[in-house]
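For reference, the chains in residue letters:
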Amino acid sequence: GHYTLSVSIDHCLFSDNVLDFSVFGSLTLYGIMPQFGTMSGGTVLSVFGTNFIFSSSLKCRFDMVEVSAIYISSNQIECTTPSWGHERLAEFAVTNNGVDFTILPSGFFFNEEI
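Predicted model only: the values in this text are computed from it and were never measured.

(A) A look at the nonpolar core. Grouped together as the largest cluster of nonpolar side chains are 21 residues, with contacts concentrated most on V47, C60, F62, C79, F92 and V94. Broken down by secondary-structure element, the contributors of at least two residues to this core are β3 (28-33), β5 (44-50), β6 (59-62), β7 (65-73), β8 (76-80), β9 (88-95) and β10 (101-111). Excluding residues that lie within four positions of it along the chain, C60 makes contacts with V47, V65, E66, V67, A69, I77, C79, F92, A93 and V94.

Dropping the structure here:
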């Protein structure tokens, strides 16, 4: 929800300066489709979970490489994989605010093109 905060030292008079802020539920990840893609990048992932927020800070992360995400709904986002140097399983995570990341335990596998 959205809230407004003001300060009082006597419980009667409150400051004219107020702070608006929002509180959201914890982001939960259920899965991604597909779960693997080529090292050249460009694979569009559908990411499923709860409490995604329409925000400029909405991002996907592959190990330490962050990419922008596209908000579809509070239960789905999309992101495109970056190019990757070698075949491996990468940690996959999502953030709503650019600071707090939620990790998907299964990760994302980058494989060689066939």
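(B) Up close: the sheet that holds β6. If you trace the 8 strands from one edge of the open sheet to the other, you get β3-β5-β8-β7-β6-β9-β10-β4, paired in mixed fashion. Since the sheet does not close on itself, it has two edges, and those belong to β3 and β4 (36-38), each with one partner. Recorded for the sheet is a direction-independent mean angle of 35° between the axes of neighbouring strands. Judged from the 4 bridges that link them, β6 and β7 form a sheet pairing that is antiparallel. Bridged to F62 within β7 is V65.

(C) Here's a closer look at a nonpolar patch on the surface. There is a patch of nonpolar side chains on the surface, built from Y3, L5, L19, F21 and V23 and spanning about 460 Å² of accessible area. Elements with a minimum of two residues in the nonpolar patch: β1 (2-5) and β2 (19-22). By relative accessible area, L19 is classed as partly exposed at 48%.

(D) Here's a closer look at the pairing of β8. Going residue by residue along β8, you find I77 and C79 tucked away on one face and Q76, E78 and T80 left uncovered on the opposite face. In this sheet, β8 lies alongside β7 in antiparallel orientation, the contact comprising 4 bridges. Along β8, the bridge assignment pairs S73 with Q76. Counting the residues that bridge the hairpin from β7 to β8 gives 2 residues.

What counts, and at which threshold
- Residues numbered from 1 in each chain as written.
- Predicted model: local features only at pLDDT ≥ 70, side-chain atom pairs only at ≥ 80, totals over all residues.
- Heavy atoms only, no water.
- Core = buried A, V, L, I, M, F, W, Y, C linked by side-chain atoms within 4.5 Å.
- Buried < 20%, exposed > 50% of the residue type's maximum accessible area, 1.4 Å probe, protein only.
- Helix = DSSP H or I, 4+ residues; strand = E, 2+ residues; numbered from the N terminus.
- Contact = heavy atoms within 4.5 Å.
- Pairing = 2+ DSSP bridges.
- Axes fitted to C-alpha atoms, helices over the stretch in contact; angles between N-to-C directions.
- Patch = residues over 30% accessible without salt bridge, like charges linked within 9 Å, V, L, I, M, F, W, Y side chains within 5 Å.
- Areas by Shrake-Rupley, 256 points an atom, 1.4 Å probe, with all protein chains shown as cover.
- Salt bridge = Lys/Arg side-chain N within 4 Å of Asp/Glu carboxyl O.

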